[in-house]
Amino acid sequence: MSRNRERFIETVNNSLLQTEKLASKGMLFSYRGILYPTSVTSPETLEALQSFEARSDDVILVGYPKTGTNWLEEIVRELESAGGKYTEEEMRENINAEKKLDTFPRLEFGDPGIYERMKELPSRRVITTHLPPHLLPRSIFQNKAKILLLLRNPKDTAVSYYHFYNNMPVLPSFASWDEYFADFMNGKVTWGSYFDHLVEWNKYMDNEKIMMINYEELKEDQVLGMKKIAAFFGFSLCEEDFHTIVKNTSFQAMKEKSKETHGMFGDILFRKGVVGNWRNLFSKAQNEEMERKFEECLGGTKLAAKMKYNVYCKA
Ligand code: A3P
């Protein structure tokens, strides 16, 4: 329920203030064949991750980078908070607990000691991660924590990630969109291939502890999307709460308060917040290549139907 962003803002601001980029080679490391940014995590933390103890009432939010995870997290925290009917005192205590325990905004960020400290956080914990199922701590599945998976069409995700890579001083830059596109298609970006993530998650389509929601569906009708989320986690809100949350979590509102919530990272994160921005960058050949890849990996699957590739990625 609480949110400790101070440590995160401090880390990100410090790295963004560096006038020169770190040597590209040192910005990323590979762990079990997948790239990660050195600025926020380490092989030791990823190794320690399996010791994380999930609780059945944890709210686990999962999304590949740039699918809108910061937006979803804000929405779900507001839903949880309104549904929890916490007193001011309880809210304060929880914020203090997160500060004291030096938590991080992603499950896989921080130092290896974080999983031990997270045991002391009061329920309900809202935990966000970019990891695919095979890297998630087993206890999430064993203890039957509910997972909300965020999906975004692969073209807008790719474009968002391209700008993010080039604007984040702690990530290597790409000389051109074409150079980046090849790496995105081959999974040579942080957190690996989006297609691999989707293929893995497709196997969980019928798992009753997992709900999937699209970025596009939230953009189209946020109240309806939030009602589905609230029903899944068992949050009880009144009609007015939903409308207040829509206002608080609009792109404009989040962008405006981003200095407080995300520090200097806010200017990079809140870029456009629209559906279909890919049209400015994709060439005809790239459209065809992605269509082939999507079909090859996910053609005919339930997940493909859920994502509505033909609606959002139609050239
Ligand atoms: P764009 O780069 O296409 O604008 P993540 O949080 O997973 O890093 O995803 C970032 C993407 O979510 C960015 O997409 C960002 O603009 C978008 N986003 C952030 N807040 C949003 C909001 N309140 N409404 C809609 N989109 C939002």
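Criteria and thresholds
Every chain's residues receive numbers from 1 upward, in the order its sequence appears when written. With pLDDT at 70 or above as the cut-off, local features in this predicted model cover only qualifying residues; side-chain atom pairs require 80 or more to be listed or tallied, and sums for whole chains, interfaces and linings still use all residues. The side-chain figures draw on all heavy atoms in the structure; neither hydrogens nor water molecules are used. Lines are fitted to the C-alpha atoms to define the axes, a helix being fitted only along its stretch in contact, and any angle between axes, read from their N-to-C directions, falls within 0 to 180 degrees. Helical segments are the DSSP runs of H or I of at least four residues, strand segments are the runs of E of at least two, and each set is numbered from the N terminus. Orientation categories follow fixed angle ranges, with anything under 35 degrees roughly parallel, anything over 145 roughly antiparallel, 65 to 115 roughly perpendicular, and all other angles oblique. Each crossing gets its hand from how the near helix is turned against the far one by less than a right angle, where anticlockwise is left-handed and clockwise is right-handed. Throughout, a residue-residue contact means that at least one pair of heavy atoms, one from each residue, lies within 4.5 Å. Polarity classes work like this: nonpolar for Ala, Val, Leu, Ile, Met, Phe, Trp, Tyr, Cys and Pro, charged for Asp, Glu, Lys and Arg, and polar for all others, with Gly in that last group. Expected helix span is taken as 1.5 Å per residue step, with the number of steps being one fewer than the number of residues. Burial status follows relative accessibility: with a 1.4 Å probe on protein chains alone, a residue under 20% of its type maximum counts as buried, one over 50% as exposed, and anything between as partly exposed. Only Phe, Tyr and Trp rings take part, Trp by its six-membered ring, and two of them pair if their centres are within 6.5 Å. Stacked means planes under 30 degrees apart, edge-to-face means over 60, and tilted covers everything else. In this scheme, the term charge over a ring applies when either NZ of a lysine or CZ of an arginine sits within 6 Å of the ring centre and within 35 degrees of the ring normal. A pair of strands is considered paired only if DSSP assigns at least 2 bridges between the two. Polar contact criterion, stated in full: a pair of N or O atoms within 3.5 Å, where within protein one must be able to donate a hydrogen and the other to accept it, and residues adjacent in sequence count only if both atoms are side-chain atoms. For this purpose, a residue is taken to be near a molecule or strand whenever a single non-hydrogen atom of the residue falls within 4 Å of it. Shrake-Rupley sampling with a 1.4 Å probe provides the accessible areas, and residues are treated as covered by the protein chains on show and by no other component.

Trainee: Would you mind going over the packing of helix α10 (residues 194-202) against helix α17 (residues 284-298) with me for this structure?
Mentor: A pair of packed helices is captured by two measures, namely the crossing angle of their axes and the spacing between those axes. Taken N-terminus to C-terminus, the directions of α10 and α17 make an angle of 25°; their axes are 10 Å apart at the nearest point. Between α10 and α17, the crossing angle belongs to the class labelled roughly parallel. Of the two elements, α10 crosses α17, and the hand of that crossing is right-handed. Each of Phe195, Leu198, Val199 and Asn202 in α10 lies in contact with α17, whose residues at this interface are Met290, Lys293, Phe294, Cys297 and Leu298. Of the residues in the contact of α10 with α17, the class split is 7 nonpolar, 1 polar and 1 charged.

Trainee: Which parts of the structure should I look at to understand helix α12 (residues 222-233)?
Mentor: Every α-helical turn comprises 3.6 residues, leaving residues that sit three or four positions apart pointing alike. Between its first and last C-alpha, α12 extends 16 Å over 12 residues, near the 16 Å set by a 1.5 Å rise per residue. All of the buried residues in α12 are Gln222, Val223, Gly225, Met226, Ile229, Ala230, Phe232 and Phe233. Among the residues trailing α12, Gly234 stands out with phi positive, at a value near 75°.

Trainee: Where do I start with the packing of aromatic side chains in this structure?
Mentor: How two aromatic rings sit relative to each other is set out by the distance from centre to centre and by the angle between their planes. Inspection of every chain in the model, using the stated rule, returns 27 aromatic pairs. Aromatic pair Phe52 and Tyr115: ring centres 6.4 Å apart, planes at 75°, arrangement edge-to-face. Taken as a pair, Phe52 in the loop between α3 (43-48) and β3 (59-63) and Tyr115 in helix α6 (residues 114-117) lie far apart in primary sequence, 63 residues in all. Accessibility classification places Phe52 together with Tyr115 in one group, the buried group. Over the ring of Phe164 we find Lys66, and its NZ or CZ is 3.7 Å from the ring centre. One Lys or Arg, Lys155, reaches over the ring of Trp278 and ends 4.1 Å from the middle of that ring.

Trainee: Can you walk me through the sheet that holds β3 in this structure?
Mentor: Through backbone hydrogen bonds, the strands of a sheet pair up, either in parallel or in antiparallel fashion. Reading across the sheet, the 4 strands line up as β4-β3-β5-β6 and stay open at both edges, with parallel pairing between neighbours. Either end of the sheet is taken by a strand with one partner, and the two such strands are β4 (126-129) and β6 (210-214). If you compare each strand with its neighbour and ignore which way they point, the axes differ by 20° on average. Where β3 and strand β5 (residues 146-151) come together, 5 bridges link them in parallel fashion.

Trainee: What's the story with the side chain of Ser193 in this structure? I'm lost.
Mentor: Counting through the fold element by element, Ser193 comes out in the loop between α9 (177-185) and α10. From its side chain, Ser193 meets the backbone nitrogen of Phe195 in a polar contact 3.1 Å long. Not counting chain neighbours up to four residues away, the residues in contact with Ser193 comprise Tyr64 and Gly187.

Trainee: Looking at this structure, how should I read the site of the ligand?
Mentor: Around the ligand, a shell composed of 18 residues is seen, among which Thr69, Ser160, Tyr215, Lys272 and Gly273 lie nearest. At a separation of 2.8 Å, a nitrogen atom of the ligand approaches a polar side-chain atom of Tyr215. Surface burial for the ligand is 98%, taken as the share of its 570 Å² of free accessible area covered by protein chains. Of all the secondary-structure elements, those providing two or more residues to the shell around the ligand are α4 (69-84) and α14 (251-256). By residue number, the principal contributor to the shell around the ligand is α4, which donates 3 residues.

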